[in-house]
Structures are given as C-alpha cells and as structure tokens.
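Observations on chain architecture
Letter by letter, the chains look like this.
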Amino acid sequence: MEQFVRVSGIAAPLLRINVDTDQIIPARFLVRVSDEGIGEGLFADWRRRPDGTPDPAFILNRQPYDRAEILLADRNFGCGSSREGAPVALRQSGFRVVIAPSFGGIFFNNCFRNGIVPVEMPIEQIRMIATQVEETQGQGRVTVDLRTQTVIAPGGEVIAFRAPSLFREMLLEGQDEVGLTLSREPQITAFRSRDAARRPWAYRPGIA
Amino acid sequence: MAMPRTFFEKVWADHVIADLGEGNHLLQIDRLFLHDMSGSVALRQLEKSGRLPAQPDLVFTIVDHVIATEPGRGPEQSHAKSGAAMLRAARHGAAKFGLRIFDVDDPRQGIVHVVAPETGAALPGLTLVCGDSHTCTIGGIGALTWGVGSTEGEHVLATQTLAQTKPKAMRINFDGTLPAGVHAKDMILHLIGKVGANGGIGYAVEFAGSAVRALPVEGRLTMCNMAIEFSAKYGFVPPDDTTIDYLHGREFSPKGKAWDQAVAYWRSLPSDPDAAFDREETIDCAQIRPHVTWGTSPQQVVAIDGMVPDPSTVTDPGARGLMERALDYVRLTPGTPIAGVPIDVAYIGSCTNARLSDLRVAAAILKGRKVAPGVEAICVPGSTAVKVAAEAEGIDRIFREAGFEWHESGCAMCGHMGNDRLADRRVVSTTNRNFEGRQGPRTRTHLASPATVAASAVAGAIADARRLAS
C-alpha cells in the first residue's frame, strides 16, 4: 500500500452528484494486460469532445486544476462498477485525495489500496472549500493530514474527518495488507478448524 | 434469551475471524469468483507477488465479460482490443494455480451472477465475493455476497479472507400482491426511484415482505442485482423453502447427510421476528406499475404511463443540474410521455434479466409477433445452461422468428468494451445501468423489464406490455 501522511496541494471542484465509475474510467480503457497508462482514460468522455480534442470547459483541462492532487466532489462519488481502474486512473493523474459527502462503498475501499484517501465531509464544508478555491483561481492550497485526520481549507479553517482505522494505519505505514493478514495465520487456522466442523459444505463444494 | 438478530447479523458473525476494532472485521470468504476482466488482474497480481491461493478449491474462474457472444464465437474472440490477452491471462492464471474454470466450451459457462446460483456454487449463508459490483445479485439465494476491487480479490486469493467494515442493516418490505404484468425489475426500479441512487450507502439490505416471499429465486436475483444501483453493496433475501427447493441437486450443492445438515443451518438464518434494523422502508406493491428509466441514473425512473419530468420544478440546484444534464444527454424534452419514445435497439441480456424465466416472459409476448421495422433486437442468454434450456423449449425459435438475434452467453453489450454497435442509439434494455456511455459512445439506455423490452421491440417505441398482451 502506498504511504500517505499529508498532502498540501491544488484542489479541483467537480461538484456533480452520483459520479459513477463508468465516468471516472470508461470500461474500454480497462481491457488491458497492465495498469500502465490507465490515467489517460480518466474522465475520458467528459475530458474530450467526440472528435477527441480536449474540452476546455472541463475543469481538469484548465490551469492550475490540471495539476490538482485533491478532488472536491458531491455525494455518492464513485458509485456503480467495482472497477479498480477508477482509483488507479485518479492516482496516475496525480490525485491523492477525494473529498465528498459520501462514496460508493466498493470505490471507497479501492481508494485506500491505491494510495488515495477518500475523505467524507458534509457538502456545506465542501462548498465552502470550493468557493475559496475558486476565489483564488485555484491557487489556494488545501491540506489533508491523515495522521491528525484534518483538512485545512485555503482560508485556514480546520475540518476534522474520520478515516477507518483499518486503512489509516496501513496507509500511514505503507503496509502490505496481505502480509499483515498472513501474520494472523494461527487465528485463521483455529477459526477454520472450528468452522469446518460446523459448516463442512462451505469448505467442500458439492460435498456428499 | 439471546438477543434477536437479523439474517445479516447471523451470517456476518459466523464469518468473523478477528475483530479489527472500530467495526472492522477480518472475515472468512467461502467462495471467490474471478472473471476474465477483474479476475485476470487479481490473478496477475497474485502471480507477481509470488504467493499461492490459500484455498484453491473455493475459487471459481469464469469467462463472461470480454468474450464475444456472436454465434460461432471462437475461444479468443472479443470486441475489446486486448480482449484475447485478457482471456489468455484468465486461462493461464487458473491453470497455473489449479483453479476451476468455466471456459467458453464448458456447459457451465455464463455470467458469474447467473452461474453461481444455478450450479450451487453459491449457497445460503455463505460469504461470496467477486471483482464485480453486481455480485450482490447472488444474495437472492440467501448468501452474503458483494463486489470487491481487484486488490481485494487478490487478498482473498492469497488468504481466503477479507477485512471489511460492518455495514448497517436495512430492511425493505414489499407488502401486498404484485399486480399482473408487473415484475421484479419493476419493483426494484420503483424502489430506486423512491430512495435515490445513494439511498443504500453504508447498508446491507434485506428484501422482505409478502411480494418478495412470493417471488421465485430468479426474481429475487433480479431484485438483489440492483441493490448496488442504490449504492447498497449487499442485498439479500434470506433462505426459505423456495431457496432450498431451488438448490437441491445442483452440482456444487451439498448431498446426502451434508445436505440435511446444511438445510438445518439455513433454516436458522432468517431474521428473528423482533430483530431490529437501523432503517426500514415499506412499499405497497399494489401501487407498482411497469417502470422505465428516462435519464442517466437508475433513480431517474418513471412508471410506464408517466412523463419525462421537468427540472424547473426542482428547487435543489445540485439535483436540478443532474436532471438537466441527463435530459441533455438522453435528448428528451420534459413532459414527453415515456411510452411512445421511439427506440433503435431492444436488448435482452445481463445478470439482471437473462435467466430462463425472463426469456419465457419475453417469448410469450414475441410469439407470433415481429420486431418493428428499423429496430435491431438482440437476446443474449445469461448462461450457456439458460441458452440450452431455452432452446429445448423452442424459445430461441420464437425470438428468431420475431426478428431477434440469438447469441451465446456473456456480458456482451451491457457494458461498452469496445463494440461500437450501440453508439448514438436509443436502447431499451433489460440491463442495470443507464449511465452516460455505459453501452457505448452517446448510447441512450432505458432500463426496463424483459416484458417491457419485448413489447417495445414490437412497437418500435417504449411500450406497455400489458396493453400488447391483452
């Protein structure tokens, strides 16, 4: 897991409701044998016009938002498909944080595993940050600190958030999740020997 | 006396290996399904890590997403540019790690969420994950099933466990009797219209009530399929006699004494009468009519006798903007009756609505009728077993004689993998997502039941199947 402690950078407001992962990364960019270059597909159908040229009206095509590390979003961001290409594309495009009132649950979990922190925050506070960002033509920095679980708005307001302890520790340390689980082997083995006696069909498909 | 518990509480508790604090648990995962898209990625990542699957006998590999469905398809045929490579990666991973694979020539091939219940690989009370958000479908047989990312999939491969945050519990009671000509798809579309596309965030959702109990397993699978469309990761119908009868004798169902033992356990799983839910919703089924989506989110839905809504009546600027954007994309005007909107394509397929009962409903409407001139009509059975069973009943002939294409099984045109056939066209579809670009560049998708899609194919426009049937 890629380490994350603190990021201070440009924030891009994209306050649309129910942004699904098909928009974040259309499926046609996912049929590939490696993750390399997935970032080029980020918001592809919003970023480019049908003729393939960049749409200058789209926020991530405008300076300084083309260098944003923080995305300001609206509710149910990342709903829909489980595709991990969504956080991968965001990360490859330079993002480390998405701030939204709520997230699609699968996307939320996928973010941590790709070095992105999904921060849940009421929409009023996100709108306040977005307004401050726009008033400074995007120059006002937003800071996200995972250790203290706080966001600092360009105007200096400090807003607390909660990240699940499970992921927070793994991100702060940059731990290997599989390795961590395997270190619980004795506990896992003990569970399975009890459980297999009680639910043998769960361990042997088609058991007679 | 023990505290009354919900179905979800019981199943979750039976899988907790370790309490990780703050509502996070390490869970035993009873079944892992890998498909040719996200599964290939998980297999590649595992191979790269140098680790091995922890419990390979609990892993099922399948080809459905990338494989082409045109009749006479070859084993590497795909509309996606790197499709053949992904199919090879799935086959390579399964062979290397000794995993079961339901490949293109296997009678058990099909869409994961259709195949898992029909083979008995999924059973009540099991935890099952797959790198696919519609894994919630399989909750229809009373299992706890949910979609994961590829990295979570790799974690399950390597450990057969997964750390998850325990969701809250919601129950949705579909009370009363469903009117004739109204189907499970209409029930779930109606619900999503009511609670919104974000209504289920953070919840595990139990579907209950007399109308759900009356649904056959296939209808329950349709309903649970779209739990994720209101952002509930988990949807389920606790097991009952209908579930148990459905699973008896299937390939991976337990047999003999193990079956009896399993049935006794399954009967202990339904929610206790006084179990408390964090949230409950009740729907009066007598009021539900056939539903069709008009926009680019499953929440943008109206009854078949309804009209495309007017954003100017909405006060919240965010919600209004969402509607305006959707109307612009779908090229519809507020106030237009949804019935009568001309279509270019009728599509019957997907993990939502391509099971045998779905094809029977559509065939009953198509029998002796023709698809309207200028409309392309496509049927993609949900599994090879469904296709074979439908052909044995002569359903394929009814579809073909009406003017439908009859495909091999797979995910096909539910999602756009590179086949531009539906680009710029208006499609009435039995699938589950009407997102921008979901079925192709600028494709405008209207979600509906198989009955509505069949009737619309004949009418050449979105149509009420109840009128056609009479």
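Residues numbered from 1 in each chain as written. Chains lettered and ligands numbered in written order. Predicted model: local features only at pLDDT ≥ 70, side-chain atom pairs only at ≥ 80, totals over all residues. Heavy atoms only, no water.

1. A short note on the domain arrangement of chain B
Residue and element names in this part refer to chain B. Looking at the assigned domains, one finds that chain B contains domain 1 (1-288) and domain 2 (292-469). For domain 1 versus domain 2, the separation of C-alpha centres amounts to 24 Å. Opposite the 39 residues of domain 1 that make contact, domain 2 presents 41 residues. Of the roughly 3,200 Å² buried between domain 1 and domain 2 on both sides combined, carbon and sulfur atoms contribute 58%. Broken down residue by residue, the surface that domain 1 buries against domain 2 is led by Thr69, Ile111 and Lys185, which jointly contribute 19%. Run the count over domain 1 and domain 2 and you get one salt bridge. Run the count over domain 1 and domain 2 and you get 22 residue pairs in polar contact (both at pLDDT 80 or more). Looking at the side of domain 1 that touches domain 2, the elements with two or more residues in it are helix H4 (112-118), helix H6 (184-195) and helix H8 (217-225). With five residues, the top contributor of residues to the side of domain 1 that touches domain 2 is H6. Each residue belonging to the side of domain 1 that touches domain 2 can be placed in one class, and the counts come to 14 nonpolar, 16 polar and nine charged. (Domains from an automatic or database assignment. Contact = heavy atoms within 4.5 Å. Buried area = accessible area lost by both parts, 1.4 Å probe. Salt bridge = Lys/Arg side-chain N within 4 Å of Asp/Glu carboxyl O. Polar contact = N/O pair within 3.5 Å; in protein donor to acceptor, adjacent residues only side chain to side chain. Helix = DSSP H or I, 4+ residues; strand = E, 2+ residues; numbered from the N terminus. Nonpolar A, V, L, I, M, F, W, Y, C, P; charged D, E, K, R; others polar.)

2. Quick notes on the sheet that holds strand E3 (residues 70-73) of chain A
Residues and elements named next belong to chain A. Sheet architecture is open: four strands sit in the order E2-E3-E4-E5, paired in parallel fashion. Only two strands of the sheet have a single neighbouring strand rather than two, namely strand E2 (11-14) and strand E5 (117-120). When the angles between neighbouring strand axes are averaged without regard to direction, this sheet yields 20°. Bridging between strand E4 (residues 97-100) and E5 involves four bridges; their strand directions are parallel. Among the inter-strand pairings, alanine 100 is bridged to a residue of E5, identified as glutamate 120. (Pairing = 2+ DSSP bridges. Axes fitted to C-alpha atoms, helices over the stretch in contact; angles between N-to-C directions.)

3. Remarks on the interface of chain A and chain B
At the interface, 60 residues of chain A touch 75 residues of chain B. Across the chain A/chain B interface, buried area totals approximately 5,600 Å², and carbon plus sulfur atoms make up 55% of it. Our count for the chain A to chain B interface comes out at seven salt bridges. Note that arginine 51 of chain B is salt-bridged to aspartate 176 of chain A, the shortest N-O span being 2.8 Å. Contributions of two or more residues to the side of chain A that touches chain B are made by helix H1 (21-24), helix H4 (105-112), helix H6 (165-173), helix H7 (177-182), helix H8 (185-198) and helix H9 (200-203) of chain A. Considering each element in turn, the side of chain A that touches chain B owes the most residues, seven residues, to H8 of chain A. In terms of residue class, the side of chain A that touches chain B is made up of 23 nonpolar, 17 polar and 20 charged.

4. Here we look at the environment of alanine 160 of chain A
Residue and element names in this part refer to chain A. Mapped onto the fold, alanine 160 is located in strand E8 (residues 158-160). Residue alanine 160 is classed as exposed on the basis of its relative accessible area, which comes to 61%. When the C-alpha atoms of alanine 160 and proline 87 are compared, they prove to be 23 Å apart, with 73 residues separating the residues in sequence. Those residues in contact with alanine 160 that sit more than four places away from it in its chain are Gln149 and Thr150. (Buried < 20%, exposed > 50% of the residue type's maximum accessible area, 1.4 Å probe, protein only.)

5. Remarks on the nonpolar core
Membership of the largest hydrophobic core comes to 136 residues, with the highest contact counts inside it found for Phe43, Phe77, Leu90 and Ile99 of chain A together with Trp266 of chain B. Of the residues forming this core, the biggest block, six residues, is contributed by helix H10 (residues 256-267) of chain B. The residues touching isoleucine 99 of chain A, leaving out its near neighbours within four places in the chain, are Ile70, Leu71, Leu72, Ala73, Val119, Met121, Ile126, Val144 and Val151 of chain A. Ranked by size, the runner-up nonpolar core spans 50 residues in total, among them Val302, Ile338, Ile348 and Ala390 of chain B. (Core = buried A, V, L, I, M, F, W, Y, C linked by side-chain atoms within 4.5 Å.)

6. A short note on the side chain of threonine 430 of chain B
Residues and elements named next belong to chain B. The residue threonine 430 is located in the loop between strand E18 (426-429) and strand E19 (444-447) in this model. Taking the relative accessible area as the measure of exposure, threonine 430 reaches 0% and is therefore buried. Polar side-chain contacts of threonine 430 include one of 2.8 Å to the backbone oxygen of glycine 349. Those residues in contact with threonine 430, other than ones at most four positions away along the chain, are Lys185, Tyr347, Ile348, Gly349, Ser350, Thr352, Asn353, Ala448, Ser449, Pro450 and Val453.

7. Here we look at empty space enclosed by the protein
All names here are of chain B. A full pass over the atoms with the stated rule returns four cavities of 30 Å³ or more. One number sums up the size of the largest cavity: a volume of about 130 Å³. His79, Ala412, Met413, Met417 and Asn419 are, among the 17 residues lining the largest cavity, the residues nearest its centre. Within the lining of the largest cavity, the residues separate by chemical class into seven nonpolar, nine polar and one charged. Mapped onto the domain boundaries, the lining of the largest cavity takes at least three residues apiece from domain 1 (1-288) and domain 2 (292-469). (1 Å grid on protein atoms, 1.4 Å probe; cavity = no way out; pocket = protein on both sides within 12 Å on 5 of 7 lines; lining within 4 Å. Points joined across faces, edges and corners; volume = space filled by probe spheres on them.)

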